Amino acid sequence: MGSLLVTGGAGYVGSHAVRQLQCKGEKIVVLDDLSEGHRQATAGVDLVVADLADTTRIGSVLDELFQKETFDVVLHFAGRAYVGESVRDPERYYRINVGGGIELLSAMARNGVPRIIFSSTCATYGEPDTVPILEDHPQRPLSAYGRTKLAFELALKDFEIAHGIRHINFRYFNAAGAHPDGTLGEDHRPETHLIPLVCDAALGLRPAVDIFGTDYPTPDGTCIRDYIHVVDLADAHILGVEALRSGASSTSYNLGMGHGYSVLEVVESVKRVSGRDVTARHTPRRPGDPPSLVASSQKASDELGWKPSFKDLDDIVKTAWQFKQSYPQGYSKT
């Protein structure tokens, strides 16, 4: 059994995966440029600070890593993940999410690294024809973010044909929550995820939380999303590593709870958990927001034995609220 290289391991989902893999006794090296991740989230782990999209340097950095240590699986979390930003600046997304990923795959091919797990997204599906969404649903992404994630999924297929690199794509739905011990959580700059934004409003760090659209064809008129706890996502990566090491074929899995909650239900959950009021400000719809995105994760359950352990929205929110109370300004300030 070799070591694991985790790109983007200082970020939100990546740092939780690193923590869970450490608990399994895995030897891990994190590669992160710290543009979105946080050094504090990698305490006790070997950290290499480098940018996958830095074409002048990254090839030699990766070659040195792969030649110094035997890595048998790479977990690839690194990348940009802001839909609005991707629409305004698609060049950045193609350069980082696709170009940086190709640098990684090329180095893996040069050095004989045989397996990779990719942090993909439900955004590759676009507007769903049916809900819950299955893995064979057509992929018609609506943004540069979704298209760059899909482009890398396609690159993985071609690198397997050419170089035999087997892969798993995990298509996340809405990652949420924080580590139950309160030491790891969400700290995005800027924050765009709903639960931490509502927690900020409950703490008085922002005057209100914006509700983008209240006229959707849903029971309360607001968008419905499938929230999956970040530790459950991390645990799926443990199972993915085990599957690839056991010879599993390349494939894709949705990771979600299988049922959704509306924006207003999330606001009410934070109010219940925090015991504080939250001002909700109704604003117009955002372009491209589907009314409902809910996963079918039956394939991950059947093939990997994956079962989410955080099954109630309030339980997810409790962990996010605990982290926000301990780190109201994120990792850098308390």
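Up top is the structure these notes are about.
Quick caveat: nothing in here was measured; it's all calculated off a predicted structure.

**Looking at the overall build of the protein**
A count of helical and extended segments in the protein gives 10 helices and 14 strands. By the compact-globule yardstick of 20 Å for 334 residues, the protein fits well, its C-alpha radius of gyration being 19 Å. Its C-alpha atoms give the protein principal-axis dimensions of roughly 55 × 45 × 40 Å. A total of 334 residues make up the protein; the buried ones form 56% of that total. In the protein, of all internal contacts separated by at least 6 residues, the share reaching a separation of at least 24 is 78%. Of the accessible surface of the protein, which amounts to about 13,800 Å², a share of 50% is contributed by carbon and sulfur atoms. The centroid of the 34 positive side-chain charges in the protein is displaced by 2 Å from the centroid of its 43 negative side-chain charges.

**Here's the deal with the sheet that holds strand β4 (residues 71-76)**
The pairing of strands in a sheet comes from backbone hydrogen bonds and takes either a parallel or an antiparallel form. Judged by pairing direction, the sheet is parallel, and its 7 strands sit side by side in the order β3-β2-β1-β4-β5-β6-β11 without closing on themselves. Bordering the open sheet on either side are β3 (46-49) and β11 (251-255), each of which pairs with just one other strand. Direction aside, the axes of adjacent strands within the sheet are offset by 20° on average. Relative to β3, strand β2 (residues 28-32) runs parallel, the two being bridged by 4 bridges. Opposite L31, over in β3, you have V48 as the bridge partner. Helix-sheet contacts for helix α2 (residues 58-68) involve β1 (3-7), β2, β3 and β4, and the interaxial angle to β2 is about 175°.

**Quick notes on the packing of helix α1 (residues 12-23) against helix α7 (residues 230-245)**
At a minimum axis distance of 8 Å, the contact between α1 and α7 shows a crossing angle of 60°. When the axis of α1 is compared with that of α7, the two are oblique. Crossing handedness for the pair α1 and α7: right-handed. Where α1 abuts α7, its residues Y12, V13, H16, A17, Q20 and L21 lie against V230, V231, L233, A234, D235 and I238. When its residues are assigned to classes, the contact of α1 with α7 shows 9 nonpolar, 2 polar and 1 charged.

**Notes on the sheet that holds strand β12 (residues 261-262)**
Strand order in the open sheet formed by 3 strands is β12-β9-β14, with mixed pairing between adjacent strands. Each edge of the sheet is formed by a strand with only one pairing partner; in this case those strands are β12 and β14 (292-293). Where strand β9 (residues 224-225) and β14 come together, 2 bridges link them in parallel fashion. Of the residues in β14, the one forming a bridge with R225 is L293.

**Some details on the pattern of salt bridges**
Here the structure, examined in full by the defined rule, presents 22 salt bridges. Between D129 and R140 there is a salt bridge; the shortest N-O distance is 2.7 Å. Taken together, the residues D129 in the loop between β5 (115-121) and α5 (144-163) and R140 in the loop between β5 and α5 connect sequence positions 11 residues apart. D129 sits in the exposed class, given a relative accessible area of 52%. Connected through salt bridges with shared partners, the residues E26, D72, R115 and R245 form a single ionic network.

**Side note on α5**
Its 20 residues give α5 an end-to-end C-alpha distance of 27 Å, which sits within 8% of 28 Å, the value for a rise of 1.5 Å per residue. Packed against the buried residues of α5 are β4, α3 (83-88), α4 (90-111), β5, β6 (166-172) and β11.

**Remarks on the nonpolar core**
Core analysis: the biggest nonpolar cluster contains 59 residues, and L75, F170 and I195 have the highest contact counts within it. The element that contributes the greatest number of residues to this core is α7, accounting for 9 residues. Counting 24 residues, the second largest nonpolar core, distinct from the first, contains L5, F152, L156 and F159.

Cut-offs applied
- For every chain, the first residue of the written sequence is number 1, and numbering continues from 1 onward in sequence order.
- With pLDDT at 70 or above as the cut-off, local features in this predicted model cover only qualifying residues; side-chain atom pairs require 80 or more to be listed or tallied, and sums for whole chains, interfaces and linings still use all residues.
- With hydrogens and water excluded, all non-hydrogen atoms of the structure serve as input to the side-chain values.
- The helix and strand labels rest on DSSP assignments: H or I over at least four residues marks a helix, E over at least two residues marks a strand, and numbering proceeds from the N terminus.
- As defined in this context, the radius of gyration uses C-alpha atoms, and a globule is described by 2.2 Å times the residue total to the power 0.38.
- Only protein chains enter the accessibility calculation, which uses a 1.4 Å probe; a residue whose area is less than 20% of its type maximum is buried, one above 50% is exposed, and one in between is partly exposed.
- Note on contacts: a residue pair qualifies if any of its non-hydrogen atoms lie within 4.5 Å across the two residues.
- Exposure was quantified through the Shrake-Rupley algorithm and a 1.4 Å probe, taking into account, for residues, occlusion by the shown protein chains and nothing else.
- Charge counting treats Lys and Arg as positive and Asp and Glu as negative, with His and both chain ends excluded.
- The atoms used to mark charge sites are NZ of Lys, CZ of Arg, CG of Asp and CD of Glu.
- Whether two strands pair depends on DSSP finding at least two bridges between them.
- Axis lines are fitted through C-alpha atoms, for helices just across the contact stretch, and the angle between N-to-C directions can take any value from 0 to 180 degrees.
- To sort the angles, those under 35 degrees are grouped as roughly parallel, those over 145 as roughly antiparallel, those from 65 to 115 as roughly perpendicular, and the leftovers as oblique.
- The handedness criterion is simple: a crossing whose near helix is rotated anticlockwise from the far helix by less than a right angle is left-handed, and one whose near helix is rotated clockwise is right-handed.
- Residue type decides the class: Asp, Glu, Lys and Arg count as charged, Ala, Val, Leu, Ile, Met, Phe, Trp, Tyr, Cys and Pro as nonpolar, and the leftover types, Gly among them, as polar.
- Salt bridge criterion: a side-chain nitrogen from Lys or Arg within 4 Å of a carboxyl oxygen from Asp or Glu.
- The span one expects for a helix is its residue count, reduced by one, times 1.5 Å.
- Here, the term nonpolar core denotes a set of buried Ala, Val, Leu, Ile, Met, Phe, Trp, Tyr and Cys residues that are joined through side-chain atoms within 4.5 Å.

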